[in-house]
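Examination of the molecular architecture
So the chains spell out like this:
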Number of protein chains: 2
Amino acid sequence: MSPTHPFDAAIQLDVIDDNTFRGRTDPEWDSMVGPFGGITVAALLRAVASHPARIGDPVALTVNFAAPIAKGDFDISLRAARTNHTNQHWIAELRQDGDIKTTATALFGVHRDTWADTEARPPSAPPPEQLARDSVQQDFVGWARLYDLRFVEGAFPGEGAQRSSAATTTMWMRDRARRRIDYPALATLCDIFCPRAFLRCGGPIPAGTISLTSYFHADQAALDALGDGFVLGTAHANRFFGGYFDQSAQLWTRDGVLLASSHQIVYFKGDACKPREEDHVRQRS
Amino acid sequence: MSPTHPFDAAIQLDVIDDNTFRGRTDPEWDSMVGPFGGITVAALLRAVASHPARIGDPVALTVNFAAPIAKGDFDISLRAARTNHTNQHWIAELRQDGDIKTTATALFGVHRDTWADTEARPPSAPPPEQLARDSVQQDFVGWARLYDLRFVEGAFPGEGAQRSSAATTTMWMRDRARRRIDYPALATLCDIFCPRAFLRCGGPIPAGTISLTSYFHADQAALDALGDGFVLGTAHANRFFGGYFDQSAQLWTRDGVLLASSHQIVYFKGDACKPREEDHVRQRS
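Computed from a predicted structure; not experimentally measured. Along every chain, residues carry numbers that run from 1 in the direction the sequence is written. Note on labels: chains are lettered from A, ligands numbered from 1, in written order. Selection of residues for local features in this predicted model requires a pLDDT of at least 70, selection of side-chain atom pairs for listing and counting requires 80 or more, and totals for whole chains, interfaces and linings are taken over all residues. Water and hydrogen atoms play no part in the side-chain values, which are based on all heavy atoms of the structure.

Quick look at the pairing of strand 6 (residues 99-109) of chain A now. Residue and element names in this part refer to chain A. Summary of the burial criterion: residues with accessible area below 20% of their type's maximum are buried, those above 50% are exposed, and those between are partly exposed, where the area comes from a 1.4 Å probe applied to protein chains only. Secondary structure elements are taken from DSSP: a helix is a run of H or I of four residues or more, a strand is a run of E of two residues or more, and numbering for both begins at the N terminus. With respect to burial, strand 6 is a largely interior element, 10 of its 11 residues being buried. Paired strands, as defined in this entry, are two strands with at least two bridges between them according to DSSP. In this sheet, strand 6 lies alongside strand 3 (residues 57-65) in antiparallel orientation, the contact comprising 8 bridges. Bridge pairing links Thr62 to Thr105 in strand 6. When strand 5 (residues 87-96) meets strand 6, the two strands line up antiparallel, connected through 10 bridges. Looking at the pairing, Asn87 lines up with Gly109 of strand 6.

Now the structure itself:
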């Protein structure tokens, strides 16, 4: 039976051998160049989670987007680099026709009941019920229509947007068809924010994540409690320089549980930014 | 001629073949279990930087500490997973006697002159000349004596320290022998902060970085301008849960240039924390 939800369809993998899984791109998840990185991340995480030798839950995942994934089949090869008593290190490579398109390392681990505390605080936001559902991002990337996104701050810069002075976005998000959030879905949500340069440049410009690292702070019990509920996400950038910028995000439950924190380095074409208002003024004067 | 500075001695590598470099542990850099992770990171970065096929500067580096490195020789094997026009993806593995001890992925890239901005702000701190040099951390890890560390906030919790309510550390740092800061040295400084759980637990407990990702925001010109000067570093944690916590750091020049941002996930034994003062009160009452 084929999975009916577009997320499950996109990360469905066939077992080729003990350490190889085959997937295929799905036009539903097309992005600027190749598939949305967040769905590739989910497929990689699912591959490791499906491996019979896997122990524990996802704790950390780094994915390097080395080259665009072309339409069609891809093979994910896995290797357990090291298995310890309570954690396990994986190396993954995604290939098409023998060429490496994506590399990844994953850390899985057992959660232990021990002293715990959260120092970070969720961003302040009105409840999602008081906010309208966004429909701008889906005009740019079709997969966004699979989500219910409600912006608190830093909405996707659509037609006529101005350059923003800050790259912070805060938004509520959930699956539009109310699919429950598991680890692969959480990994995808870590990458759901548009490239921060879009906000600073006043609209879409050529940009793409090169390397993304996510830390999963939630155990299965936290995901069970979340169910298909809203997640509050916030993302910002520290520095744009030399054609790259970094982007950090946090994902929270409504109850203030930090589910994940995520970081990425992004390539961007800064010379494609809209001229700033003061540049116009300077030209006119 | 052997390098005279302990940093250069520790990351000296012999060329074994086109894709293999041999290094050796150096007791000067011993840490809790095996060598200080920051020096292993530097050796891995140097290996990639030494490869004749390498293009550009370090942009991102993820290092997974899979198992403790034993005293003696280690081999670093490298593979360029993908070379693009302006960037290059590397996979590295550090082995001893055939066993993988460390895995890494590195992104090198060309810096382009384009629109730039820094949104993050450096932490407020008095100038380093107004602060005393710390000598507590070096009682715990000998390699700390190779640095000049001046704490603004969140000093290393030595003998008699109490549990802190926050895990933030801000400090000035430079090489004690005034070795100039290059990319390997910068990569090491990203990991110079003690595990954040030490502050929350009131002293050293079993803890170790499992995976570390650093983003380099500086080009060579910024490192040349920095020279052997002080770097202002700040580190904090978002969440301690299930035996793991995350830690994020930023490194700044005195002039407010963000040199690097860095993130890690750390294993810790929370049941080794000191009892809290309120626990004493509860026991007494």
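The grouping of Met32(A), Val33(A) and Phe140(A) at the surface amounts to a nonpolar patch, some 260 Å² of accessible area in total. Relative to the assigned elements, Phe140(A) resides in helix 3 (residues 137-140). The residues that make up patches have over 30% relative accessible area and no salt bridge, and they are joined within 9 Å when like-charged or within 5 Å when they are Val, Leu, Ile, Met, Phe, Trp or Tyr. Here, Shrake-Rupley sampling with a 1.4 Å probe gives the accessible areas, and only protein chains in the shown set may cover a residue. Here a salt bridge means any side-chain nitrogen of Lys or Arg lying within 4 Å of a carboxyl oxygen belonging to Asp or Glu.

All right, on to unusual backbone geometry then. Residue and element names in this part refer to chain A. Positioned with a positive phi, Asp97 is a non-glycine residue whose angle comes to about 50°. Among the secondary structure elements, Asp97 is positioned in the loop between strand 5 and strand 6. Despite not being glycine, Arg178 shows a phi value in the positive range, around 60°. Tracing the backbone through its elements, the reader meets Arg178 in the loop between strand 9 (169-175) and helix 4 (183-189). Residue classification places Arg178 among the partly exposed positions, given a relative accessible area of 37%.

Okay, the relation of the copies chain B and chain A next. Placing chain B over chain A gives an RMSD of 0.0 Å and needs a rotation angle of 180°, together with 0.0 Å of translation along the axis. Put plainly, the chains are arranged around a two-fold axis. Here, residues are in contact when the closest pair of their heavy atoms is within 4.5 Å. Here 100% of the interface residues in chain B have copies in chain A that are interface residues too; the copies meet face to matching face. Residues below a pLDDT of 70 in either copy are left out; the C-alpha atoms of the rest, at least 70 in both, set the least-squares superposition of the copies.

Keep in mind that these numbers describe shape and distance, not what the molecule does.
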